[in-house]
Amino acid sequence: MVMKSAVEDDDSGWGLGIPEKMKSNANWVDITHEFKGACKELNLGELLHDKLFGLFEAMSAIEMMDPKMDAGMIGNQVNRKVLNFEQAIKEGAIKVKDLSLPELIGIIDTCFCCLITWLEGHSLAQTVFTCLYVHNPDLIEEPALKAFALGILKVCDIAREKVNKAAVFEEEDFQAMTYGFKMANNVTDLRVTGMLKDVEDELQRKVKSTRSRQGEQRNPEVELEHQQCLALFNRIKFTRLLLTALITFTKKETSSVCEAQKLVAQAADLLSPIHSSIQHGIQSQNDTTKGDHPIMMGFEPLVNQRLLPPTFPRYAKIIKREDMVAYFSKLIERIKALCDVTNTTNLHGILDFFCEFSEQSPCVLSRSLLQTTFLIDNKKVFGTHLMQDMIKDALRYFVSPPVLSYKCCLFNNHQAKDYIDSFVSHCSRPFCSLIQIHGHNRARQRDKLGHILEEFATLQDEAEKVDAALHSLLMKLEPQRQHLTCLGTWILYHNLRIMIQYLLSGFELELYSMHEYYYIYWYLSEFLYAWLMSTLSRADSSQIAEERILEEQLKGRSAQFFFTKKQNKNVSLIKFRPLSKEITMSQAYQNMCAGMYKTMVALDMDGKVRKPQFELDSEQVRYEHRFAPFNSVVTPPPVHYIQFKEMSDLKKYNPPPGSADLYLAASKHFQQAKLILENVPSPDPEVNRILKVAKPNIVVMKLLAGGHKKETKVLPEFDFSAHKYFPVVKII
Amino acid sequence: MATMIEENGPSTHVCFPLLSSPSQARQKLEGLLNKNMRIRMTDGRTLVGLFLCTDRDCNVILGSAQEFLKSTDTFSQGEPRVLGLAMIPGHHVVSIEVEAESLEDDQGFEGNH
């Protein structure tokens, strides 16, 4: 039965691939028959295994011949030879010189599509490096293609460096592996942009020479050549501008961001002509019906198949050429938008900028560029401001603490200085991480926000201690002033913002079930927004107190200006309060949440909320899971389930409200929110979005209060299309 | 770990040992555990790795497996691809070979014949 396979002639073939150490004792004995026979003797479901190997280990095995797991399988089923660049040149399957204009245009467009697919989270090996030309640009003789290949490699390299540095990506966003490919490192950035420029100039000459002249009989061939030259020229120029913009981002000066913004704006102007000339490029000889990749000269989708790790997304679908321009224009829009961050100087403003930017779910490259623009290598904000100074400014803007006021004796007190400086330097890292968190994708942000609460809880503790120490110092020096809960208020404000964002993002990410809405909205309206508003008004009054003291001091110093001062005082009383907008918005949000809470309770009373059959868990388990990250926070203290049940118990009212009363109350809350928002001067899009929810809900709640469709068993629908966090309630 | 496996394969204990051959077959297979094995698959690829686990349908799990392409493929033939833990479904197994030297070390398969 036993056969020594070493004598079989095909064995020499096997040997080729087997490493030396295996070859040395390559006496393989065929046991197929016995093995299969022995297996049959095993019982159904029985596993024969080593003591140290169990089902648990077996689970992590990849399954061969399963197209979802076996990356090696695809390459093996294609009936064509997979050639690498050198082999393809040798076999004449690929041109390295005298490429026609349509060929160049087609290759460049396909490369752009690969680049975009890579930026969308696929691996380089399955996207950009399916283009054989970029494997070794030195072998290309055609100058335009060579310059382009180097350009695209540089773009990839800089993008990769930026994304790596910003570290706001996860495996689902970005693949940083280069699989050992050279990213044109032997050529300088300047040399590549120079080469692209040379090609551009050459093409421009051709474009000019083929341009139609007045009174000349137009030759259609010349006209076509003119179009094609122009198409190629635009593509090369676009590549150069994109590359130059990315290079500009790596410079340290703040002014370079404006320069980059100008460059991408120029690139954006080329997109429309690029879009209209896509048809000039050669198309792939489509064989996609069999699930195979499209085949194009210069591209081999399977060339890197064996470089991929065993468990890997097997198939990278390269985006269509028609979608390429739309993607680029959105990317450029995002890059232009992120450059505006440098116009914001206040830390709170920057934080808001990051929040707003993230709300459009931007791509990983623009997110990373924003991060690296914010904090340059030297750890300074925009390369010029110290993070500590930014934090001090934010504190002054928010609570005007005496210790940071030039007019206060603490400002020049050494001990006070030590206290505040050490506090501010401890704040620096958590705030940098908070900003970094906003660079992550939306789903990851939520998770990370839950974790950063721990760091802020530590800061809160320190802030309270520093406040107390500064207060006792101040009492000795200037008894008429106070330094209570200044720093604490500021940290608490950020704590609350993080907590609110954490809860609200659950709606955006569709994590909550309908039967959970009521306690989430309750927690927001009754607790977090209530705390936020009292925190904001405390900060506001602390600002007012500080302004009064400054005024008193000025008044005492210059009596002759008494009259004008008096006028100024009146002005300052009606003067715009910096925090007023935020207080107003919080009131509106609180009313929206309260309205939603009461709606949910009333709907539940009418049996219109589907509840799960709690078997292994209970509402308490779910509740505790939803608010688990808040357990690390001391102020505000977490509300436990039992407390929540007591606080929200309707029986404490006499008589207890019925569903109609609650609908009416909800309607009033929505009405109140509408009133508040309609009085906001210069409303932003967010105000309008909330109004779009509040208005229909007022009507629906009134209808429900009047008993409309009370008998219907159809569950209500919650439409989050108008606002991410608040749904329009629909009764069908 | 061992207990967990037993829970998953209770039939081992329930079954009545009719013949001596089942246990003999089991012994044979156990003798092969942790041996270097070379399995050719239906699509022509070959995997080399340590034999870790099998079942009645001849599904085999190899540890530290390496993938070799068929000898006719001229491209990228030199280097094997590292797969790690890999399961080959029984119906894709074409041939199974075991390294002779390790076989002789502890009178493996032939001894049982």
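Source: prediction; values computed, not measured.

A.B. asks: Account for the overall build of chain A, naming residues and giving values.
C.D. replies: Scanning chain A from N- to C-terminus turns up 25 helices and eight strands. Burial analysis of chain A (732 residues in total) assigns 53% to the buried set. Pairs at least 24 apart in sequence give 78% of the contacts found in chain A among residues at least 6 apart. Carbon and sulfur atoms provide 55% of the accessible area of chain A, an area that totals close to 34300 Å². Charged side chains in chain A number 87 positive and 89 negative. The centres of these two groups are separated by 7 Å.

A.B. asks: I'd love a proper account of the confidence of the model for chain A, names of residues and values included.
C.D. replies: Low pLDDT means the predicted coordinates in that region are not meant to be read closely. Residues and elements named next belong to chain A. For chain A, the mean per-residue pLDDT works out to 87, and 91% of the residues sit at or above 70. Model confidence for chain A, summarised as mean pLDDT per element, is weakest for helix H1 (residues 11-17) at 36 and strongest for helix H18 (residues 486-508) at 96. Taken together, the stretch residues 1-24 has pLDDT below 50 and engages in 42 contacts with residues farther than four places along the chain or on a different chain. In this model, residues 560-574 is a region of pLDDT below 50 whose contacts with residues beyond four sequence positions or in other chains number six contacts.

A.B. asks: A description of the pattern of salt bridges should follow, citing residues and the corresponding values.
C.D. replies: All names here are of chain A. According to the stated counting rule, one finds 39 salt bridges over all chains in the structure shown. The partner of Lys-197 in a salt bridge is Asp-201, and the shortest N-O contact between them spans 3.4 Å. Placement of both Lys-197 and Asp-201 in helix H9 (residues 189-209) is noted, with a separation of four residues, approximately one turn of the helix. Take Lys-197: its relative accessible area is 34%, and that puts it in the partly exposed class. Glu-619 is paired through a salt bridge with Lys-645; the nearest N and O atoms lie 3.5 Å apart. Residue Glu-619 is located in helix H22 (residues 619-626), and its partner Lys-645 is located in helix H23 (residues 641-647); the two are separated by 26 residues in the primary sequence. Linked by salt bridges that have partners in common, Glu-170, Glu-172, Arg-444 and Lys-448 make up one network.

A.B. asks: Provide a residue-level description of the domain arrangement of chain A, including the pertinent values.
C.D. replies: All names here are of chain A. Taken domain by domain, chain A holds domain 1 (85-211 + 220-343), domain 2 (384-509) and domain 3 (512-551 + 579-731). Using C-alpha coordinates to define each centre, domain 1 is positioned 45 Å away from domain 2. Contacts between the two partners involve eight residues from domain 1 and, on the opposite side, seven residues from domain 2. Where domain 1 abuts domain 2, roughly 580 Å² becomes buried across the two surfaces, and 34% of that area is made up of carbon and sulfur atoms.

A.B. asks: Go over the UniProt feature "domain: NAA35-like N-terminal" (unreviewed entry) in chain A, please, and point to the residues and values.
C.D. replies: With numbering matched to this structure, UniProt assigns "domain: NAA35-like N-terminal" (unreviewed entry) to residues 45-138 and 144-188 of chain A. Summarising residues 144-188 of chain A: 51% helix, 0% strand, and an end-to-end C-alpha distance of 17 Å.

Cut-offs used in this document
- Residues numbered from 1 in each chain as written.
- Chains lettered and ligands numbered in written order.
- Predicted model: local features only at pLDDT ≥ 70, side-chain atom pairs only at ≥ 80, totals over all residues.
- Heavy atoms only, no water.
- Helix = DSSP H or I, 4+ residues; strand = E, 2+ residues; numbered from the N terminus.
- Buried < 20%, exposed > 50% of the residue type's maximum accessible area, 1.4 Å probe, protein only.
- Contact = heavy atoms within 4.5 Å.
- Areas by Shrake-Rupley, 256 points an atom, 1.4 Å probe, with all protein chains shown as cover.
- Lys, Arg positive; Asp, Glu negative; His and termini not counted.
- Charge placed at Lys NZ, Arg CZ, Asp CG, Glu CD.
- pLDDT = per-residue confidence, 0-100.
- Salt bridge = Lys/Arg side-chain N within 4 Å of Asp/Glu carboxyl O.
- Domains from an automatic or database assignment.
- Buried area = accessible area lost by both parts, 1.4 Å probe.
- UniProt positions renumbered as here; feature names shortened; annotations may be inferred.

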